[in-house]
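# Working through the structure, step by step
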Amino acid sequence: MSETVRLSISGLSCASCAGRSERAMAALAGVESAAVNLATHTAIVTYAPDAVTPDDIASASGSAGYPAKVEVDLNALGQDSEQAQEQVELSKATLLAAVLTLPVFILEMGGHVIPGFMGLIDNSIGHTNSWAIQFILITAVLIGPGARFFRIGVPALLRGAPEMNSLVALGTFAAWAYSTLALFTPALFPENTRAVYFESAGVITTLILLGRWLEARAKGRTGAAIKRLIGLQPQTALVERDGAVNAVPLESVVIGDTLQLRPGERVAVDGEVIEGASFIDESMLTGEPVPVQKTIGDAVVGGTVNGTGAIRYRATAVGGQTVLAQIVRMVADAQGTKLPVQALVDRVTRVFVPVVMALAALTAAVWLVFGPAPAVPFALVAGISVLIIACPCAMGLATPTSIMVGIGRAAEAGVLFRKGDALQSLQTVAVVAFDKTGTLTRGRPQMTTFAVAPEFDEAAVLAAVASVESRSEHPIAAAIVAAAEARDLSIPEVSAFNSVTGMGATAQVGDDDVIVGAGRFMAASAIALGQLEAKGAEIAAKGITPVYAAINGKIAAVIGVSDPVKPSSAATVAGLHAQGIKVAMITGDHHATAEAIASSLGIDHVVADVLPDGKVAAIEGLRAQYGPVAFVGDGINDAPALATADVGIAVGSGTDVAIEAADVVLSGHDLETVQKAFVISRKTMRNIRQNLFWAFAYNAALIPVAAGVLYPVNGMLLSPMLAAGAMALSSVFVVSNALRLRRVALT
């Protein structure tokens, strides 16, 4: 069986880096898939544990030049110590580079804005001394704050795998080397080509460092949702041990520990109440603001907030097994997923840097051959500008930053993407199919009608039916049993109980053979409904489910069971219609009942009288008629349908089996979260398209300008300094655009 490991990778600076690390890990035998996220510097790798180990996978990335380590604690996702350290280091490097570069910039460029400035320099320190000062300062920039580009870029270049740092290192070194030769060996150059470009090397380094610092600050905010989730758990817990109550670190709590919870505190870990009662705010889990009462035997969830009561509870899940940890893992995994749209970017970035280097060399050659005198400086400026402006950073960040922010925003709204590619798939969905019971309805039915055939006694029949249904776990069965108990009826023991999925149940009650179930079950059992058929139709027409009972082969009663529709169902259907999405309902209920509910909610398409295994066929039929289908369900019998749909959406209050089969999980009961999922999908994909357009358009438009295509037209030749500024701005723009999703309205 396959396993998944999360790796933390260092040294990633552009899409090319991420691609090389990813391909190195994917090339290992036993690795099924590898996805590197440039925005988080993490990788999610699926592998066969009998063929390869996580350490082997980490070593493969390290061999490619990008050291990796296995992340063992998801809580690290909520701690930004490394990010904070990176930001501090980049801010210091940027400041130092700016301080060293500013005098050089003034010395070299001051004459362009201050009349007589160059004459002042020549008559004071002298032209050659000015160049010497610039050499000293810029050399300090390159071996100090700019050394990071050479430390990473040169080894990558020597491996034949150049990336962004390689481009910057080549560009700044070319400017520095040409200027150094012009300063110390002027005889090598014709007099009219003696010039220095120290200021270009310094300003390029400063601007790119500034861009990385701004980018790091912005990227630090993309993981805000994870940090907020992690922040919901307290750092300590009150644990009873050896007759004393002590505050211990959360990681010290083990399953079986008895904990105390005081008023106003957060629940430390998942557990079961063993003493006391209180109301607990579970809005972080369900999105519902009304506190839930908890008494002995009830479950409590770590991270939720206690009200005014005090309780004692036993730990049932700790560490990575808690509900909160699972939500964090779900969100983190989804944020690291690659969407199909990323495939195009991967193909482009795989060859992008080598192509850019070739273009830079070609640009320099063309200027040397065809450019005006002095050709060498023109060739140098154009070649460096192409190298610097064509960094693929923006392309690499375009998709993952939007995914991170979008999925984080969804999590805050109660939408958890178990599979990140569902974020892209949702926008293509043409029809949303809902299961009825427990999804559109509350899932807590009540008996509203009980009509018996003339020859039967109402109390005796209800007692017999309740005895059969007492062995069933179906919500309708619970409603009938509750009605019998409310009438203080004695419920006899049953034998030979048999449940027929999607139909009903049979049992021996005393000397009687009792059958309880849908009308189709009666038909299959060759039992005529007689005069109760009309009563059943009347009940169904009101949107109430009719259930029939037969005793010893004769129809005995028809029972009306109503499952109230959730208040949010109608608004959800209306919201989906407003987005241009069709809505269907798939249910095992009688057709008339289903139609009545569908009519009250405005549902477009109804598939009724469907057995659990028939939901898969119903989804395939909807797909053939409308297009891609999303299915929303909550029960065990919904799992096949959730897996079959193009996007499976499980209501979080449902069963674990349904949630495991789904692509998206709604953390609460409120169905309006469904339409929020579609809104965040559409807006995130629009954001990704904006980012990709900017990244590609930027390179497509500015590489020719940097190469000098406008020079014959208007004499314009892009300065390497402007190229560096534009490159840094493109990455900051992409990340900042993605951050807009944090404030997007989901209505």
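All values derive from a computational prediction rather than experimental measurement.

Parameters and conventions
Residues numbered from 1 in each chain as written. Predicted model: local features only at pLDDT ≥ 70, side-chain atom pairs only at ≥ 80, totals over all residues. Heavy atoms only, no water. Salt bridge = Lys/Arg side-chain N within 4 Å of Asp/Glu carboxyl O. Buried < 20%, exposed > 50% of the residue type's maximum accessible area, 1.4 Å probe, protein only. Patch = residues over 30% accessible without salt bridge, like charges linked within 9 Å, V, L, I, M, F, W, Y side chains within 5 Å. Areas by Shrake-Rupley, 256 points an atom, 1.4 Å probe, with all protein chains shown as cover. Lys, Arg positive; Asp, Glu negative; His and termini not counted. Charge placed at Lys NZ, Arg CZ, Asp CG, Glu CD. Helix = DSSP H or I, 4+ residues; strand = E, 2+ residues; numbered from the N terminus. UniProt positions renumbered as here; feature names shortened; annotations may be inferred. Axes fitted to C-alpha atoms, helices over the stretch in contact; angles between N-to-C directions. Parallel < 35°, antiparallel > 145°, perpendicular 65-115°, else oblique. Left-handed = near helix turned anticlockwise from the far one by under 90°. Contact = heavy atoms within 4.5 Å. Nonpolar A, V, L, I, M, F, W, Y, C, P; charged D, E, K, R; others polar. Pairing = 2+ DSSP bridges. Core = buried A, V, L, I, M, F, W, Y, C linked by side-chain atoms within 4.5 Å.

Attention shifts here to the pattern of salt bridges. Enumeration according to the criterion identifies 10 salt bridges in this entry. Taking the shortest distance from any N to any O, the salt bridge between Glu-265 and Arg-262 comes out at 2.8 Å. Judged by relative accessible area, which is 46%, Arg-262 ranks as partly exposed. Linked through salt bridges whose partners overlap, the residues forming this network are Glu-240, Glu-275 and Arg-312.

Time to look at a positive patch on the surface. Together, Arg-682, Arg-686, Arg-689, Arg-740, Arg-742 and Arg-743 give the surface a local cluster of positive charge. Tracing the chain through its elements places Arg-682 in helix α26 (residues 672–707).

Looking now at the UniProt feature "domain: HMA" (unreviewed entry) in the protein. UniProt's feature table lists "domain: HMA" (unreviewed entry) at residues 3–69, given in the numbering used throughout. Counted over residues 3–69, helix gives 33% and strand 33%. Its end C-alpha atoms are 17 Å apart.

Attention shifts here to the packing of helix α17 (residues 458–469) against helix α18 (residues 475–486). Across the interface, α17 lies against α18 with an axial gap of 9 Å and an inter-helix angle of 135 degrees. Taken together, the axes of α17 and α18 are oblique relative to one another. In this structure, α17 meets α18 at a crossing whose hand is left-handed. Residues Leu-462, Val-465, Ala-466 and Glu-469 of α17 form the contact with α18, whose own contacting residues are Ala-477, Ile-480, Val-481 and Ala-484. Tallied by class, residues from the contact of α17 with α18 come to 7 nonpolar, no polar and 1 charged.

Positive phi is not limited to glycine here, since Asp-488 has a value of about 60 degrees. With respect to the element layout, Asp-488 can be found in the loop between α18 and β17 (494–500).

Turning our eyes to something else, we now look at the UniProt feature "transmembrane region" (unreviewed entry) in the protein. In this structure's numbering, the residues bearing the UniProt feature "transmembrane region" (unreviewed entry) are residues 93–111, 131–154, 166–189, 195–214, 351–370, 376–399, 692–711 and 717–739. Counted over residues 195–214, helix gives 85% and strand 0%. Its end C-alpha atoms are 33 Å apart. Taken end to end, residues 717–739 comprises 87% helix and 0% strand; its first and last C-alpha atoms sit 34 Å apart.

Taken together, 3 strands build an open sheet; the order of strands is β10-β9-β12 and the sheet is antiparallel. Edge strands, defined here as strands with exactly one partner in the open sheet, are β10 (292–294) and β12 (305–306). Of the pairings in the sheet, the one linking strand β9 (residues 278–281) to β10 comprises 3 bridges and is antiparallel in character. Along β10, the bridge assignment pairs Ser-278 with Lys-294.

On to the nonpolar core, then. Nonpolar side chains tend to gather and get buried jointly when the protein is soluble and globular. Grouped together as the largest cluster of nonpolar side chains are 138 residues, with contacts concentrated most on Met-25, Phe-417 and Phe-678. Setting aside residues up to four positions removed in sequence, Met-25 forms contacts with Leu-7, Ile-9, Val-31, Ala-34, Val-36, Ala-43, Val-45, Ile-57, Ala-60 and Ser-61. Counting 42 residues, the second largest nonpolar core, distinct from the first, contains Leu-462, Ile-480, Ile-555 and Val-558.

Burial analysis of strand β21 (residues 554–562) places 8 of its 9 residues in the buried class, the great majority of the element. Note that strand β16 (residues 446–452) and β21 share 6 bridges and pair antiparallel. Paired with Met-447 across the bridge in β21 is Val-561. Where strand β20 (residues 545–551) lies against β21, 7 bridges are found, and the strand directions are antiparallel. When the bridges of β21 are listed, Pro-546 appears paired with Gly-560. Taken together, β20 and the strand that follows it, β21, pair antiparallel across an intervening segment of 2 residues, in which Asn-552 is found at a positive phi of about 55 degrees.

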